[in-house]
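# Reading the structure
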Amino acid sequence: MKIKVDFSDLFACAKEMGATIVKENMISSPNASHGLSREEWAPIKKEIDLNEIGSTQGLLRFIDERGVDQQVLLYIEDHGWSIEDAIYDIKKRRKFHVADCSTLQKKRGDGTFERYVMTNDFSNQFSITGMEKKSVKVELQVCKNCLKSLNYKNYSCNLDVFNKFSISEFFATYSSFFASLPSRFSGEDDGSYTDDWKIISAKYRASKNYSCEYCAVDLSKNKHLLHTHHKSGVKTDNNLYNLQALCIDCHRKQAHHGHLFVHHEDMVTINNLRRNQGQLKQDNWREVFKFADAALHGLLAKCEHDRCIKPVVAYEMLGGSDEIIAELELAWPKSKNCIVINDNHARVARSQGWHVWTMIEAMDDFLNFKVSVNLGAPPRAR
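In this report, we go over the structure that sits alongside the text.

Quick notes on the rules
- Residues numbered from 1 in each chain as written.
- Predicted model: local features only at pLDDT ≥ 70, side-chain atom pairs only at ≥ 80, totals over all residues.
- Heavy atoms only, no water.
- Buried < 20%, exposed > 50% of the residue type's maximum accessible area, 1.4 Å probe, protein only.
- Helix = DSSP H or I, 4+ residues; strand = E, 2+ residues; numbered from the N terminus.
- Arc of directions from axis to C-beta.
- Contact = heavy atoms within 4.5 Å.
- Disulfide = S-S within 2.5 Å.
- Pairing = 2+ DSSP bridges.
- Axes fitted to C-alpha atoms, helices over the stretch in contact; angles between N-to-C directions.

This paragraph deals with helix α13 (residues 366-375). A turn of α-helix holds 3.6 residues, and therefore any two residues three or four places apart point the same way. Within the span of α13, buried status applies to Phe366, Asn368, Phe369, Ser372 and Val373. An end-on view of α13 places all buried positions within 160° of arc, on one side of the element. The outward face of α13, more than 90 degrees from its buried face, is lined by the exposed residues Leu367 and Leu375. As for α13, its buried residues are in contact with α10 (297-305), β12 (324-332), β13 (337-339), β14 (355-357) and α12 (359-364). Immediately downstream of α13, the backbone of Gly376 shows phi near 75°, a positive value.

This is how it looks when you write it as structure tokens:
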């Protein structure tokens, strides 16, 4: 495995002291969130039949020619005779899909033949065509059934999520479910920072002993997982009162930061450190949301609303010699129910007699899930 090391803090401080940095023959991470080499994200846009698309945790996915799972969305390019209306009225345009929702399931079940375009473009600029019309670039709206199936941002209680939907924010929310992420990760310089930002950020994080100022996790041995956040959102305001050291998980949960991508492995690392350092306190639902992966917030919102027993976040399953044999994202130890992202850990949990649910299984069969969690009754066959 090729190792990528983040020398950005060292280079920034050396540059401030007047040193010339020579990077020949050195492979360094382009971004603070990288630790190990991972599959690169690749842009996709192609026509595809509905049956060629799979799903991961209810999210649409496509396995590319490298064998890498990529999160995608689907839309129908051909608007037929309604193209004229569609060009001038967004409500007359076909919706795009981000989940394997009831609409797609019905079309698949009915054998409805429609050619979809699959893409992972975040721009919300879609090419549509129609009778005797050349391709036109327009914005489309997301399918409401997709939002409902995932309870994205607690959509069931906040219908305005539809109007404020952002493709990049949606993909980032569920980034834990996919190994391949876009090249822009959380913490990356996108050109809107000041020229000396890397130096300022390195100094500030060092001044806070590489600890998150929100959850208090100590990342002195995992410095690449700590960012410097601009509280006001103005990236050129580097006054100390506007800066805050945040772990990548707390950073992406700040207002207007839902577009930041975080790998599942990094979430596991942070929660392990929080637990070992005594920070992983979960006395109420607010703290459950604070520490849980953002990809699971839709399910958690439904659990809280429907009065499910509060789960344990980042539960460690121990073997006979007290060794850790599996990490469970959400666990209800008394009833032995859990939500697991990693397939290998899911298999271990099942071998230990636990009822293992994926996020989408729990959402689709929520009543059965709730009974199993709250009462410990074995779930009906799914």
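What follows covers the state of the cysteines. Under the defined criterion, the tally for this structure stands at 0 disulfides. With no disulfide partner, Cys247 has as its closest neighbouring cysteine sulfur the one in Cys250, 3.5 Å distant.

Moving on: the sheet that holds strand β4 (residues 69-71). Spatially, 3 strands are ordered β2-β3-β4 in an open sheet, and the strand pairing comes out antiparallel. Every interior strand has two partners, whereas the edge strands, β2 (54-56) and β4, have only one. Strand-to-strand twist in this sheet, taken as the mean axis angle between neighbours without regard to direction, amounts to 50°. Two strands pair when backbone bridges link them, and strand β3 (residues 59-63) and β4 are joined in this way by 3 bridges, in the antiparallel orientation. Each bridged residue has a counterpart across the sheet, and for Ile63 the counterpart in β4 is Asp69.

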